[in-house]
Amino acid sequence: MTISPTVAVPAASTDHLASVDALIQGLADVGYIASKRIATALYMSVHLQKPILVEGSAGVGKTELALSTATLLGLPLIRMQCYEGLDESKALYEWKYGKQLLYTQILKDRMGEQLADAKDMDAAMERLHGMGDLFFSEPFLEPRPLMKALREDNGCVLLIDEIDKSDEAFEAFLLEVLSAYQVSIPELGVMVAKTPPLVFLTSNNVRDLGDALKRRCLHLHIPLPDAALERRIVASRVPDIEATLAAQLVDFVQSLRTLDLRKSPSISETVDWARALILLNASSLDGEVVRDTLNVLLKFEQDIAAVEPQIVELIRRPVG
C-alpha cells in the first residue's frame with residue numbers, strides 16, 4: 001500500500017516517499033548514503049507530519065540529511081542557526097523600525113490636518129491610535145526563518161540547526177511551532193502555516209533538551225558508521241578515489257576511533273581526508289603520507305602526538 005505524504009512535495013518527488021527503500025535510493029541519488037534506521041525515521045517524519053530531532057556527534061551528517069532531503073523533495077530550505085541568546089525577534093519576526101520612522105517623519109507634517117477637525121482630545125487620541133496600528137501591520141513586518149517557513153505556500157524544509165546551543169527559554173518558545181505549526185504575534189494574532197514545513201532539529205548534545213520538546217519530535221541518533229557504510233559514503237562523496245585506497249583509509253579511520261582521543265574523526269573528516277589524499281596523488285597509505293595529512297583527521301595537537309608513534313601499526317591493523 002502506498003501512503004501519500006502529508007507535506008506538499010512536487011509530484012516528481014512522491015515516488016521517493018513511497019517506501020523506506022525508495023527513500024534510501026532517492027537519498028543515494030542526491031549523494032546521501034542513509035542507513036535503514038535513518039530512512040525509516042525520515043519516512044515516518046514525512047508521513048506522520050512530525051518534526052525530527054537528529055542527534056549525534058559533530059560531522060556525522062545531521063545537517064546534511066536536511067539539505068539532501070530538501071534537494072530530493074524539490075523544496076526550498078530555510079535554515080536557522082541557533083546560538084546562545086537567540087530570541088524570537090531573530091527567529092520569528094521583527095518590525096522594520098527604520099521604515100516606521102521614515103513614514104512617521106513623512107506623516108508628521110500632515111498630523112495637523114488629520115487632527116484639525118477632531119472634536120476633543122479623546123477623538124484626537126482615537127485617531128492617533130488608528131495611525132499607530134497602521135505601523136504594526138504586514139508592510140512593516142520583517143519575517144525571520146520561522147515565519148518564512150510558515151508562510152511558504154507549497155511547504156519547505158525547515159532546519160533548526162544546533163538547537164542545544166540555544167537557551168531553554170527559546171526552546172520553550174519553539175513548542176507552539178513544533179506542535180501546531182503556528183505562532184502567536186501580539187499585534188497580528190495567530191499565524192498558522194499554509195503548508196506545514198518538514199522540520200529538522202539537530203543537536204550535538206551540548207546540553208540536555210527538555211522533555212516537552214522531545215515529546216513533540218521523532219528521535220533519530222546518527223552514530224559513527226561502521227566500515228562498510230563508511231566506504232559507501234566515501235565512494236559517493238569522492239567518486240574519483242580508487243577502491244583500494246578508499247578501503248585503506250576507512251580502515252585507518254576506524255582504527256583511530258578505537259583509541260582514547262580527545263576528538264575522534266567524523267565522517268566529514270574522513271571525506272576531507274580522502275579528497276586530500278587524491279589532491280596529493282596518493283595511491284595507497286604509507287607512514288609518510290599519513291603523517292603529513294594527519295592534521296586533516298585530528299583537530300587537537302595532543303591527539304596527533306599520541307597517534308604519530310602508532311601510524312605504521314594502525315595502517316596494518318585489520319578492522320574487525
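Positions within a chain are numbered from 1, following the residues in the order the chain's sequence is written. Reporting in this predicted model follows two pLDDT cut-offs: at least 70 for local features of residues, and 80 or more for side-chain atom pairs to be given and counted; totals over whole chains, interfaces and linings ignore these cut-offs and use all residues. Side-chain metrics in this entry use all non-hydrogen atoms of the structure; hydrogen atoms and water are not considered.

**Student:** Explanation requested: the packing of helix α13 (residues 243-256) against helix α15 (residues 287-297) in the structure shown.
**Tutor:** Pairs of packed helices are described in terms of their axes, by the angle between the two and the distance that separates them. Structural elements are reduced to axes, namely lines fitted to C-alpha atoms, with helices fitted over the stretch in contact, and the angle between N-to-C directions of any two is expressed from 0 to 180 degrees. Put simply, DSSP H or I for four residues or longer makes a helix, DSSP E for two residues or longer makes a strand, and each gets a number counted from the N terminus. Where α13 contacts α15, the axes come no closer than 13 Å and their chain directions differ by 65°. Along this stretch, α13 crosses α15, giving a crossing that reads as right-handed. Packed against α13, whose contacting residues are F252, V253 and L256, the element α15 presents V290, L294 and L297 at the interface. As a working rule, the residues Ala, Val, Leu, Ile, Met, Phe, Trp, Tyr, Cys and Pro are called nonpolar, Asp, Glu, Lys and Arg charged, and the rest polar, with Gly in that last group. Here the residues of the contact of α13 with α15 sort into six nonpolar, no polar and no charged. In a left-handed crossing the near helix is turned counterclockwise from the far helix by less than a right angle, and in a right-handed crossing that turn is clockwise. Pairs of residues are marked as contacts when any of their non-hydrogen atoms sit within 4.5 Å.

**Student:** Can you help me understand the side chain of S166 in this one?
**Tutor:** Tracing the sequence through the fold places S166 in the loop between β5 (157-161) and α9 (168-173). Only protein chains enter the area calculation, which uses a 1.4 Å probe; residues under 20% of their type maximum are buried, those over 50% are exposed, and those in between are partly exposed. Relative accessible area serves as the criterion here: at 3%, S166 is assigned to the buried category. There is a polar contact of 2.7 Å between the side chain of S166 and the backbone oxygen of I163. Those residues in contact with S166 that lie beyond four places of it in its chain are C82, Y83 and R207. Here a polar contact means two N or O atoms within 3.5 Å. Within protein one must be a hydrogen donor candidate and the other an acceptor candidate, and residues neighboring in sequence count only if both atoms are side-chain atoms.

**Student:** What is the right way to look at helix α2 (residues 36-48) in this model?
**Tutor:** For an α-helix, 3.6 residues make a turn, and residues three or four places apart therefore share a direction. Here a helix's expected span is defined as the number of its residues, less one, multiplied by 1.5 Å. Here α2 is 13 residues long and its end C-alpha atoms lie 18 Å apart, about the 18 Å a rise of 1.5 Å per residue gives. I38, A39, A41, L42, Y43, S45, V46 and H47 are the residues of α2 that are buried. Elements that come into contact with the buried residues of α2 comprise α1 (20-29), β1 (52-55), α3 (62-73), β8 (198-203) and β9 (218-221). Positive backbone phi, at 55°, marks Q49, one or two positions downstream of α2.

**Student:** Help me understand the packing of aromatic side chains, please; the structure alone is not making it clear to me.
**Tutor:** Two descriptors summarise a pair of aromatic rings, namely the distance from one centre to the other and the angle between the planes of the rings. Classification of ring pairs rests on two measures: the distance between centres of Phe, Tyr or Trp rings, Trp counted by its six-membered ring, which must be within 6.5 Å, and the angle between planes, read as stacked under 30 degrees, edge-to-face over 60 and tilted in between. This structure, assessed with the given rule, holds two aromatic pairs. Ring centres of F170 and F173 lie 5.7 Å apart, and the angle between their planes is 40°; on these two criteria the pair is classed as tilted. Taken together, the residues F170 and F173, both in helix α9 and three residues apart, mark about one turn of the helix. In this structure F170 comes out as buried when scored by relative accessible area, which is 3%. Assessed through its relative accessible area of 21%, F173 is described here as partly exposed. Measuring from ring centre to ring centre gives 5.5 Å for F252 and W273, while their planes differ by 45°; the resulting arrangement is tilted. With a gap of 21 residues between them, F252 in helix α13 and W273 in helix α14 (residues 267-279) connect regions that are remote in the sequence. Exposure remark for W273: the relative accessible area of 0% places this residue in the buried category.

**Student:** Sorry, what's going on with the pattern of salt bridges here?
**Tutor:** It is possible for side chains bearing opposite charge to pair when their charged atoms get close. For this document, the term salt bridge refers to a Lys or Arg side-chain nitrogen within 4 Å of an Asp or Glu carboxyl oxygen. Enumeration according to the criterion identifies eight salt bridges in this entry. Salt-bridge contacts for R257 lead to E230; the nearest nitrogen and oxygen are separated by 2.8 Å. Taken together, the residues R257 in the loop between α13 and α14 and E230 in helix α12 (residues 227-237) connect sequence positions 27 residues apart. By relative accessible area, R257 is classed as buried at 16%. Among the residues examined, E230 registers a relative accessible area of 0% and is labelled buried. When the shortest N-O distance is used, the salt bridge between R231 and D251 registers 3.6 Å. Here the residue R231 occupies a position in helix α12, and D251 occupies one in helix α13, the gap between them amounting to 20 residues. Residue R231 is classed as partly exposed on the basis of its relative accessible area, which comes to 32%.

**Student:** So what exactly am I meant to see when it comes to the side chain of T195 here?
**Tutor:** Turning to its location among the elements, T195 is positioned in the loop between β7 (189-192) and β8. Accessibility expressed as a relative area gives 12% for T195, which makes it buried. There is a polar contact of 2.7 Å between the side chain of T195 and the backbone oxygen of D153.

**Student:** Before we go on, may I ask you to explain the sheet that holds β9 in this structure?
**Tutor:** Within a sheet, adjacent strands bond to each other through the backbone by hydrogen bonds, running parallel or antiparallel. In this scheme, strands are said to pair when DSSP sees at least two bridges between them. With parallel pairing, five strands are arranged side by side in an open sheet as β2-β5-β8-β1-β9. Only two strands of the sheet have a single neighbouring strand rather than two, namely β2 (77-81) and β9. Across the sheet, the mean angle from the axis of one strand to that of its neighbour is 20°, orientation sign disregarded. By the bridge criterion, four bridges tie β1 to β9 in an arrangement that is parallel. For I52, the partnering residue across the bridge sits in β9 and is L218. Along the sheet, α2 makes contact with β1, β8 and β9, crossing β9 at roughly 160°. Along the sheet face, α3 touches β1, β2, β5, β8 and β9 and points at about 165° away from the line of β8.

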